[in-house]
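# Remarks on the overall topology
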Amino acid sequence: MSKLSIAIDGPSGVGKGITTKLVAEKLNFKPLDSGAIYRAIAYYMLINNIKIEKFDKSILKNINIDFTKHNYVLLNNEPIEEKIRNDEIGKLASDFGKLKSVRTFSTQIQKRLVLEGGYVVDGRATAFEIPQIPIKIFLDADLKERAHRRYLEYKKEDPTIKENEIFENLKLRDEQDKTRTEHPLHKHPDAILINNNNLTIEQQVQLIIDIFNEFTQNTQ
Ligand code: DC
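Residues numbered from 1 in each chain as written. Predicted model: local features only at pLDDT ≥ 70, side-chain atom pairs only at ≥ 80, totals over all residues. Heavy atoms only, no water.

### Quick look at the packing of aromatic side chains
The way to describe two aromatic rings as a pair is by their centre distance and the angle between their planes. Short version of the rule: Only Phe, Tyr and Trp rings take part, Trp by its six-membered ring, and two of them pair if their centres are within 6.5 Å. Stacked means planes under 30 degrees apart, edge-to-face means over 60, and tilted covers everything else. In this description a helix means any DSSP run of H or I spanning at least four residues, a strand means any run of E spanning at least two, and both kinds are numbered starting from the N terminus. Classification of residues uses two cut-offs on accessible area relative to the type maximum, computed with a 1.4 Å probe and protein chains only: under 20% is buried, over 50% is exposed, and between them is partly exposed.
Per the stated rule, a full pass over the model turns up two aromatic pairs. Centroid distance Phe55 to Phe96: 5.8 Å. Interplanar angle 70°. Geometry classified as edge-to-face. Placement of the pair is Phe55 in the loop between α2 (34-47) and β3 (65-67) and Phe96 in helix α4 (residues 87-96), with a sequence separation of 41 residues. The class of Phe96 is buried, set by a relative accessible area of 2%.

### A few points about α4
What counts is decided by this rule: In what follows, residue pairs with any heavy atoms lying within 4.5 Å of each other are defined as contacts. Identification of polar contacts relies on pairs of N or O atoms within 3.5 Å, with a donor-acceptor requirement for protein atoms, meaning one able to donate a hydrogen and the other able to accept it, and with residues adjacent in sequence counted only if both atoms are side-chain atoms.
Within the sequence span of α4, burial applies to Ile89, Gly90, Ala93, Ser94, Asp95 and Phe96. In this structure, the buried side of α4 is in contact with α2, α3 (81-84), α5 (100-114) and α8 (163-179). The N-terminus of α4 is capped by Asn86, whose side-chain oxygen sits 3.2 Å from the backbone nitrogen of Glu88.

### Side note on the site of the ligand
Where we set the bar: When at least one non-hydrogen atom of a residue lies within 4 Å of a molecule or strand, that residue is treated as near it. The Shrake-Rupley method, run with a 1.4 Å probe sphere, supplies the accessible areas, and residue values consider only the shown protein chains as cover. Under the scheme applied here, ten amino acids are nonpolar (Ala, Val, Leu, Ile, Met, Phe, Trp, Tyr, Cys and Pro), four are charged (Asp, Glu, Lys and Arg), and all others, including Gly, are polar.
In the vicinity of the ligand lie 13 residues, with Ser34, Arg39, Arg103, Arg124 and Arg173 positioned nearest. Taking Arg173, its side chain carries an N or O atom lying 3.1 Å from an oxygen atom of the ligand. A distance of 3.1 Å separates an oxygen atom of the ligand from a polar side-chain atom of Arg180. With the chains in place, 95% of the 440 Å² that the ligand exposes on its own is no longer accessible. Elements supplying a minimum of two residues to the shell around the ligand: α2, α4 and α8. Element by element, the count of residues in the shell around the ligand is highest for α2, at four residues. Counted by class, the shell around the ligand contains two nonpolar, five polar and six charged residues.

### Re the sheet that holds strand β2 (residues 30-33)
Keep this limit in mind: We call two strands paired when DSSP finds no fewer than two bridges between them. Lines are fitted to the C-alpha atoms to define the axes, a helix being fitted only along its stretch in contact, and any angle between axes, read from their N-to-C directions, falls within 0 to 180 degrees.
The sheet built from five strands is open, its strands ordered β2-β6-β1-β7-β8 with parallel pairing. Looking at strand neighbours, the two that pair on one side only are β2 and β8 (192-195), the edges of this open sheet. Across the sheet, the mean angle from the axis of one strand to that of its neighbour is 20°, orientation sign disregarded. In this structure, strand β7 (residues 135-140) lies alongside β8, joined through four bridges in parallel fashion. Paired with Ile137 across the strands is Ile192, a residue of β8. Against the sheet, α5 engages β2 and β6 (119-123), with an angle of about 160° to β6. With respect to the sheet, helix α9 (residues 201-218) is in contact with β1 (6-9), β7 and β8, its orientation differing from that of β7 by roughly 160°.

### Digging into the nonpolar core
How we decide: By nonpolar core is meant a set of buried Ala, Val, Leu, Ile, Met, Phe, Trp, Tyr and Cys residues that side-chain atoms within 4.5 Å join together.
Judged by nonpolar contacts, the single largest core of 34 residues is most densely connected at Ile41, Met45, Ile63, Ile65 and Val73. Counting residues per element, the ones that place at least two in this core are α2, β3, β4 (73-75), α4, α5 and β6. Aside from chain neighbours lying at most four places away, what touches Met45 is Ile50, Phe55, Ile59, Leu60, Ile63 and Phe96. Among the nonpolar cores identified, the runner-up in size contains 19 residues, and Leu4, Ile8, Leu27 and Ile137 belong to it.

### What about the pattern of salt bridges?
We count it as follows: Salt bridge, as applied in this entry: a Lys or Arg side-chain nitrogen positioned within 4 Å of an Asp or Glu carboxyl oxygen.
Counting across every chain of the model gives ten salt bridges. Notably, a salt bridge pairs Asp87 with Arg173, separated by 4.0 Å at the nearest N-O pair. Here Asp87, found in helix α4, pairs with Arg173, found in helix α8; they are 86 residues apart in sequence, far enough to count as distant. Residue classification places Asp87 among the partly exposed residues on the basis of a relative accessible area of 30%. Accessibility expressed as a relative area gives 7% for Arg173, which makes it buried. The salt bridge involving Glu145 is made with Arg149; its shortest N-O contact spans 3.1 Å. You can see Glu145 and its partner Arg149 sitting in helix α7 (residues 143-155), four residues apart, about one turn around the helix. With relative accessibility at 27%, the residue Glu145 sits in the partly exposed group. Residues joined in a network through salt bridges with shared partners are Asp33, Glu81 and Arg85.

This is the structure:
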């Protein structure tokens, strides 16, 4: 690895996406949205009407996932970004993300990119799936706080949205992600925990940059 990569794991709604993007910008690295891979797989299953009970791992041979140079996900060369950013696909991504063959498939795509170095990965269990990544961060916040932030964000688009529905949705997603047998969501023993309940985005980005700088100084 010429440049180091960084894994940022943590639950839904904790702000990994924006943190990953900003850390990557500061370090001149590329962000990798691992959730987009699971969402693209889920979208493929949805449009081809493949229910999870009917899923067979040979189906994965028909799926090619890539990213544009602006980090938008491509499914079989089709841009699908605006089709996958909704709760239906999020839930389906979590369902399919429980399957071993799906996780292996997604991890292979990520490994190919990340092991070149210079990536910041927004993940769930990246630290376990690609333990070669030297800097592992686990970003966390209380469920109530995450639901409130997501409510404020979604309300701009849809003023009728209910905070308790978002809370229940995130709670369900947490349970599903934490209890799956294949690499459940939890902190890797080598990961540095950052609880961002009381941190601004700028503060948490700076903390990760500080961790990165300290790591690179100590390993020079
Ligand atoms: O980060 P996201 O909301 O885009 O992810 C959607 C779902 O995809 C998430 O609830 C579980 C699954 N996922 C996963 O299993 N592993 C990842 N590294 C990323 C996402």
